[in-house]
Amino acid sequence: MTHPTESGDAYATPASAETPEAMTPGGEAATGAEATRVKARRDPRVPLTTAAGLGAVAVVAALVTGGSAPVVTAIAGVVTGLLAAISLIMAASRVVPAHRRQSGAWRWMAAGSLTWLLGVGVRPVADGTPFALTFADLLMLVGSVLLAIGCGMSVKPPAFTRGVIRQAADAYLGAASVFAVAWVAVLGPAFRKAEDTGAFFVALALPVVCLIATCAVTPAVAASRSGNRVVGLTGVGVLTAITVAEMATALSRLDGDTPPLAAGLVVPAMLLVLAVAPWVQEDRPARPLAAALTAATPLVLVAAATLVATLYAIGGSRDAALVVVAASVVLVLLGRLFVLLVETAGMRRLVDVGEQQLRRLAENTGDVVLVCDPAGVIQEAGPGLETTYGYCPEDLAFRSIFDYIHPEDLPAVQALLDRMTDEDGDGPEQEGGTRISCRFRASDGTWRPTESVAARHVRDDDLVLVTIRDLSDQVALRNQVTHLTFHDGVTGLPNRAYFEERARDVLTRRGAGGTAVIFLDLDGFTSVNDSVGHASGDHLLGQAARRLRSAVRADDTLARWGGDEFAVLLEGGGSGGADAQTAIDLAERLVRAVSNEPFRVADRDVALTASVGVAFAEEDLPPGDLLRNADVAMSRAKELGGRRMEVFATHMHADVLRRLEIASDLQRALLENQFAIEYQPVVDLATSRVTAVEALVRWWRGSTFVPPEQFLGPAEDTGIIVPLSEWILREACREVAAWRASSWDIGLALNLSTRQIMAPRFVETVAEALSESGLPASALTLEVIEEMLVDDAGEMISRLSELRTLGVRLAIDDFGTGYASLAFLRQLPVDMIKIDPSFVSGLGRDDTLTLLTKTIVQLGNDLGLIVVAEGIERPEQLDLLRKMGCTRGQGYLVARPMTARGVDSLRPTTTLQNTA
């Protein structure tokens, strides 16, 4: 069974005790929480029936057997006391740990019931002794005190107790008042008839102590707002019954009579109720009004006792005992009044100190304190007003606070004051104050953002205490944080987050028509950071931002996208006509703004160019796709050499996706050995002897051949070119070393990529490949194109020089197409130059190309370099190259790329074929 309290069920019912299905009073099945409530209402029948039955059987048995009143009272008391103790102990054992205090209280009450029943049980025997206060009386006295302790613990104590002294004073006042009334009604006449006054007061010791105990716990139990206080109230009833019964017993003893049976059965009856009380559910706590009346009970008793004593005195009766009791009551009342005055004065001082501390705290924190009446007229102003807002407190005295509130905030402030001064209001505004944000006018006329708190004045409810906190610094800081969140700290331009949000907002409000996005990238900016440092690079970005800002229109949004990329949103551009031309013209202006003049950085001029991509919005095109399209167009412009503008086309995105797909497949192809090597022979043009082979990589994706121009670029971009080139190097070195082992003096040529050369262990990788294969370093020729030397000359030349130290030969591929061929021939000791096929293709047909080819051959011979002509496809080209003095060549006329087995057939005895 369950017993709910204010915080939940007090008992945890064993599963075995529950029935499969409970029935509601109407006979319907109830399950879950409803069944629990039904059982809680039904369970008291068992202890009630048992207790009443046993008690009745005991009383009837005593009467039938002819027992006297003390014997019947003793039997009934023992049986009912035992029932109450057992019931309380059982209930306490089933209380959940969260209600440990309640469990302890019931055990105290059970102990009191057991002690009391022992006293009742031995009283018939003890009454035969000549003592006025017997051993049985002492046991009953101890039992009553234990019951009182249990009653006090059975209810939840209030959050703010009244103190032990005040509680003791109230208990004494109540007990003394009841005693005074009882003295006038009953005890006075008995006292006057008593022969031994000492024995009289000794006989009253037990009921008086019980009375004091009852008065001590009754206010706390009655005023408790706990959901379950049945046990406590029943315990108070037991104590009251004990007091009445013992009072009757004491009077009967003084008269020499037997105590009446009715008085003796009052306590057993209440013990039966106490046995049932732990199993009864009460859901209604005490009302606040009832609690207040209970707290005033001692004063009511004192007033009643005073009235009765006064009437008694007017009747001419005089008793010293009554005078002593009345005097003690007066003294206690005076003492309580004195304590109350001291507490009141202390509370008043605390209120004053709290108000002063509040004012001081408000002033020290920069808050301004104003006291206003219900009409908003300022009655008092704190000294912080002058420091914060520039007003003297006297300037605002008796002025309306509404004169200093922003007009837009006036309605809210007026409504707040109306609520604060509403006499019938009982909401949180009246109890704890209300916060409101408004703008307050300073003496210089500026409106300052504030956070104000309005509350009732602690001394006068007709006044309102307003605390105003200036938030100017916080608002400025918040605005600064917002600016930094959406702006770039280097250039001062809006950042990527702002640009994306702006583009999304424009496309949502205005649609696709009239919207375009331009992406711009600074070509060669990475070398600036590497050469002059990141601080100088940031300075250059600031210059670039200023140039771009001067080129865009006022309505356009210019932002730094990230790194060296910028973005422009044109809200007035469009997909056709003049609008499209406007966007294209702006893109070209941006290219010129960056490229026409060098930037001054670190006392040097740095020339940069720009790659620009343009994309136009379309219907149902998400903002993210529009930005992506502009980025793709910019990348396309960069791939085509930079310093140009490209407009996005659909095929560009397809190309990007295809490159991404190829890049994804490259990694898998490297793991699955889908790559192969073919060799294109290089021959001596005079003797037709094969002197070297150039290793070329081939990719067969399944049964599909992928041309090198389709996958070498993605491999370079993704970095897969590094492990792929290492694999080519090791395989080619191993194959050529095997040919050389068969007495064939043949060399190996390999093309190098920029990423491969700049790899951390590139030189070590070449040395390891040579060592593992046994190929002499002089038999390996590594080829680089001139553009690689131009982009990063310092580091590139340093790496190639290390290779030259190993003994590896170096060659410049596509010679003549770069920007500084002759300069690099002087800086980097090379062994070979390879004439670009674009020169060889014009031999015999273009006099200019023929002259340039001849010049290159003559230059190479004069410098003592080996000159190799690439792309020989016609016999007349071969004849002219021989006449010019070119020593070596390669091309389809000489030999096509072939597998290693095909190269085996080109032994030194093989003659040069003049047909493709």
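Let me sum up the structure you'll find in this document. (Residues numbered from 1 in each chain as written. Predicted model: local features only at pLDDT ≥ 70, side-chain atom pairs only at ≥ 80, totals over all residues. Heavy atoms only, no water.)

Here we come to the overall build of the protein chain. Helix and strand content of the protein chain: 35 helices and 25 strands. Evaluated residue by residue, the protein chain yields a buried proportion of 46% over its 916 residues. For the protein chain, long-range pairs separated by at least 24 residues make up 66% of all intrachain contacts whose partners lie at least 6 apart in sequence. (Helix = DSSP H or I, 4+ residues; strand = E, 2+ residues; numbered from the N terminus. Buried < 20%, exposed > 50% of the residue type's maximum accessible area, 1.4 Å probe, protein only. Contact = heavy atoms within 4.5 Å.)

This brings us to the environment of Thr718. Tracing the backbone through its elements, the reader meets Thr718 in helix α25 (residues 708-718). Among the residues examined, Thr718 registers a relative accessible area of 41% and is labelled partly exposed. Separated by 58 residues in the primary sequence, Thr718 and Leu660 place their C-alpha atoms 9.4 Å from one another. Looking at Thr718, its side chain comes within polar contact range of the main-chain oxygen of Pro714, at 2.8 Å. At 3.5 Å, the side chain of Thr718 and the backbone oxygen of Ala715 are in polar contact. (Polar contact = N/O pair within 3.5 Å; in protein donor to acceptor, adjacent residues only side chain to side chain.)

Taken in spatial order, the five strands of this open sheet run β11-β12-β10-β15-β16, and their pairing is mixed. Looking at strand neighbours, the two that pair on one side only are β11 (557-562) and β16 (644-647), the edges of this open sheet. Across the sheet, the mean angle separating the axes of adjacent strands is 20° when strand polarity is ignored. Sheet topology note: the strand β10 (residues 516-523)/strand β12 (residues 565-570) ladder contains six bridges and is antiparallel. Across the sheet, residue Ile518 finds its bridge partner in β12, namely Val568. (Pairing = 2+ DSSP bridges. Axes fitted to C-alpha atoms, helices over the stretch in contact; angles between N-to-C directions.)

So, about the packing of helix α26 (residues 721-741) against helix α28 (residues 762-773). In the contact formed by α26 and α28, the axes pass within 9 Å of each other and the chain directions differ by 30°. In terms of orientation, α26 lies roughly parallel with respect to α28. Crossing hand, α26 versus α28: right-handed. Contacts between α26 and α28 pair Glu726, Leu729, Arg730, Cys733, Arg734 and Ala737 from the former with Thr765, Val766, Glu768, Ala769, Leu770, Glu772 and Ser773 from the latter. Looking at side-chain class alone, the contact of α26 with α28 contains six nonpolar, two polar and five charged residues. (Parallel < 35°, antiparallel > 145°, perpendicular 65-115°, else oblique. Left-handed = near helix turned anticlockwise from the far one by under 90°. Nonpolar A, V, L, I, M, F, W, Y, C, P; charged D, E, K, R; others polar.)

In this description, a pair of aromatic rings is defined by centroid distance and the angle of the planes. Under the definition given, this model contains eleven aromatic pairs. Relative to Tyr404, the ring of Tyr391 lies with its centre 5.4 Å away and its plane at 75°, an arrangement referred to as edge-to-face. In this pair, Tyr391 sits in the loop between α14 (384-389) and α15 (393-396) while Tyr404 sits in the loop between α15 and α16 (410-420), placing the two residues 13 residues apart along the sequence. Judged by its relative accessible area of 3%, Tyr404 is buried. Considering the side-chain rings of Phe519 and Trp561, the 4.9 Å spacing of their centres and the 55° angle between planes classify their relative orientation as tilted. Of this pair, Phe519 sits in strand β10 while Trp561 sits in strand β11; the two residues are 42 residues apart in sequence, bridging distant segments of the chain. Trp561 carries the same exposure label as Phe519, and that label is buried. Through successive ring pairs, a cluster of aromatic residues spans Tyr389, Tyr391, Tyr404 and Phe440. Here the basic side chain of Arg547 rests over the ring of Phe599, its NZ or CZ set 3.8 Å away from the ring centre. (Phe/Tyr/Trp six-rings, centres within 6.5 Å; stacked < 30°, edge-to-face > 60°. Lys NZ or Arg CZ within 6 Å of the ring centre and 35° of its normal.)

All right, on to helix α33 (residues 847-862) then. With 16 residues, α33 extends 22 Å between its outermost C-alpha atoms, agreeing within 8% with the 22 Å of an ideal straight helix rising 1.5 Å per residue. Buried within α33 are the following residues: Thr850, Thr853, Ile856, Val857 and Gly860. Taken around the axis of α33, the buried residues stretch over an arc of 125°, which confines them to a single face. Seen from the buried face of α33, the exposed residues on the opposite side, beyond 90 degrees, are Asp847, Thr848, Leu851 and Asp862. Where α33 is buried, its residues touch β22 (809-815), β23 (832-835), α32 (837-840), β24 (866-870) and α34 (875-884). A distance of 2.9 Å separates the backbone nitrogen of Thr848 from a side-chain oxygen at the start of α33, and that oxygen is part of Asp846. (Expected span 1.5 Å × (residues − 1). Arc of directions from axis to C-beta.)

Now for the pattern of salt bridges. Under the criterion given, the structure shown has 27 salt bridges. Its salt-bridge partner being Arg730, residue Glu768 comes within 3.5 Å of it at the nearest N-O pair. One end of the pair, Glu768, is in helix α28; the other, Arg730, is in helix α26, and 38 residues separate them in sequence. On the basis of relative accessible area, Glu768 is assigned to the partly exposed category, the value being 29%. Residues participating in the shared-partner salt-bridge network are Glu694, Glu783, Lys834 and Glu870. (Salt bridge = Lys/Arg side-chain N within 4 Å of Asp/Glu carboxyl O.)

So, on to helix α5 (residues 135-153). With 19 residues, α5 ought to run about 27 Å at 1.5 Å a step, and its terminal C-alpha atoms sit 28 Å apart, in line with that. Taken as a whole, α5 has its buried residues at Ala136, Asp137, Leu139, Met140, Gly143, Ser144, Leu146, Leu147, Ala148, Gly150 and Cys151.

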